[in-house]
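Residue-level structure breakdown
Given next are the chains, with one letter for each unit.
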Amino acid sequence: MALPVSSLIVAATAALVCGVLLFYKPLTASPAWRATVTPLASIMGSGFLVCVPLLYANIGNYSVLAMAVLLGLAYAVGSVIRFNIRYGEPLFQKQNPPDVFERIEHRLHIAHRDAAHRIKIGEAADLLEKISHVALSGAYCISVSYYLQLLASFALQPLNLHTAWIAKSLVTLILAGIAIIGFTRGLKGIERVERIVVGVNLAMIAALVAGLAHFNAASVMDGSWHLRPMGVSGDKLHVVRLLMGMLIVVQGFETSRFLGSEHSQGERIRTMRWAQLISTVIYLVFIGLMAAVIGNTQGDLQSGITAIVALSAVVAPILPALLTITAIGSQFSAATADDAGCSGLLEAIFKRWMPARYAYVMVSALSISITWMTDVYQIISYASRAFALFYVLQCVVALLVMRKVSDVPARRAKTGLYAGLALICLLITLFGIPAG
């Protein structure tokens, strides 16, 4: 089907309108919007780029259903995090004032540091909450490598540089730069760039979804709309393990758990729920609309990690370039955000033993090591399994908190749900495999 100029107009208009709204000052100044967009950007940031090629290459036309399962699991785990915000935090909070720290840091560094610093040790739930922060700091180190390996893949793809050592060297240089900036002045100065990148990334998502809607409508009108026959690759158990290894694409909602220094409990619970519901709608619509695009591609389905760039050209010729630029910016932003969060956790975990400047160096050193030991497909699986371990611990924390709080509605149903989720997340930790 020949692409009409209208595809370009629709995509560009959607990007422009969404961009204007996202940078509208009264909106950006709203605490509720900031509390919503932080987890929303984290959920959408990387998964939006990789989910379509990975799902359709491995699960075929069942991709929408598979994504619905992942999103349903994520929403259920999100209910655990929301429970711990409402009922757990009052039990964990220390009453004494926080320590005075050496310098002003990135907002997510401060948020994670203060949340972890306020945990009191003395009971099982408190201790397990602290252990979950250690697990989360490890997951962040893996996710920093994951984001930057994606960045390298998208940055080098237009140059046809697909050699692994070149990509790993680029990631190493970026991490070394982050470590130097973090050691000398902290990552506070990167926050403004991150806010701009988040707005641009969400505007680009709007452009791609709008362009896809137009493409599907035009295909239906001229009778060219069809689905390519694509089945499931491998046996059912293999597919389940692949999905387990893709949990990272819907991860990010737990960020709300660590925004207590900026937002109230009620606001974080409400906005986390909104972020998950919005991302669920966008993901399902996006993956469903991509089926027609894949049906119109010639030859084998492009299943590489950057295949979304080539596939987007079917929608509008300008999208590949814009997606590449956006992918580079969004992955750098996500990496620095998780780097800041991880260093904040480490500063709280090690207290005075590790000032913030050394925490940044430690995070970069660990992420560099992980980068050279994995490839981009393996890191997706490892990141998924690492966050699943954090979710296991949060589920158990919720079960322990429930024993101490008397006014929990639907206690028996929640107990069964959280125990079941702990088991599912444990299975993901143990058995998730790479999708590539």
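A brief report on the enclosed structure follows. Every chain is numbered independently, its residues counted from 1 as its sequence is written. Thresholds applied to this predicted model are a pLDDT of at least 70 for local features of residues and 80 or more for the giving and counting of side-chain atom pairs; totals over whole chains, interfaces and linings are not thresholded and use all residues. For the side-chain quantities, the full set of heavy atoms in the structure was used; hydrogens and water were omitted.

1. A short note on the side chain of S145
- Where helices and strands are cited, they refer to DSSP runs of H or I of at least four residues and of E of at least two residues respectively, numbered from the N terminus. For S145, the location among the structural elements is in helix α7 (residues 124–156).
- Exposure remark for S145: the relative accessible area of 0% places this residue in the buried category.
- One polar contact links S145 to T371, side chain to side chain, over a distance of 2.8 Å.
- In this structure S145 touches S367, I370, T371 and I379, once residues within four positions along its chain are discounted. A simple rule labels every residue: compare its accessible area, found with a 1.4 Å probe on the protein chains alone, to the largest value its type can have, and call it buried under 20%, exposed over 50%, or partly exposed in between. Any pair of N or O atoms that falls within 3.5 Å is considered a polar contact. Within protein, one atom must be able to donate a hydrogen and the other to accept it, and sequence-neighbouring residues count only if both atoms are side-chain atoms. Residues count as neighbours in contact if any of their non-hydrogen atoms are within 4.5 Å of one another.

2. A short note on the pattern of salt bridges
- By salt bridge we mean one thing: a side-chain nitrogen of Lys or Arg within 4 Å of a carboxyl oxygen of Asp or Glu. A complete count under the given rule lists four salt bridges for this structure.
- In this structure, the salt-bridge partner of R257 is E89, at a minimum N-O distance of 2.8 Å. Of this pair, R257 sits in the loop between α10 (236–244) and α11 (265–295) while E89 sits in helix α5 (residues 63–92), placing them 168 residues apart in sequence. Residues R257 and E89 agree in their burial class; the two are buried.
- The partner of E129 in a salt bridge is R257, and the shortest N-O contact between them spans 2.6 Å. Placement of the pair is E129 in helix α7 and R257 in the loop between α10 and α11, with a sequence separation of 128 residues.
- Look at E129 and you get buried, because its relative accessible area is 0%.

3. Looking at the packing of helix α3 (residues 31–45) against helix α4 (residues 47–59)
- Between the N-to-C directions of two axes lies an angle of 0 to 180 degrees, each axis being a line fitted to C-alpha atoms and, for a helix, fitted only over the stretch in contact. Orientation of α3 relative to α4, taken along the N-to-C sense of each, is 35°, at an axis distance of 6 Å. Where α3 abuts α4, its residues I43, M44 and G45 lie against G47, F48 and L49.
- All residues other than Ala, Val, Leu, Ile, Met, Phe, Trp, Tyr, Cys, Pro, Asp, Glu, Lys and Arg, Gly among them, are scored as polar; the first ten of these are nonpolar and the last four charged. Broken down by class, the residue content of the contact of α3 with α4 amounts to four nonpolar, two polar and no charged.

4. Structural notes on α5
- Compared with an ideal rise of 1.5 Å per residue, which puts 30 residues at 44 Å, α5 spans 40 Å between its outermost C-alpha atoms and is within 8% of the ideal.
- When the local axis directions of α5 are compared, the greatest deviation, roughly 40°, occurs at R86, which is followed within four positions by the proline P90.
- For α5, the buried fraction is high: 21 of the 30 residues fall into the buried class. One less than the number of residues in a helix, times 1.5 Å, gives the span that helix is expected to have. Values of bend correspond, residue by residue, to the angle between axes fitted over the seven residues ending at that residue and the seven starting there.

5. Here's the deal with the nonpolar core
- By size, the foremost hydrophobic cluster in this structure holds 133 residues, and its most contacted members are V52, L55, M67, V250, Y283, F286 and M290.
- In this view, V52 contacts F286, I287, M290, I294 and L311; residues no more than four positions away in its chain are not counted. In this text, buried Ala, Val, Leu, Ile, Met, Phe, Trp, Tyr and Cys residues form a nonpolar core when linked through side-chain atoms within 4.5 Å.

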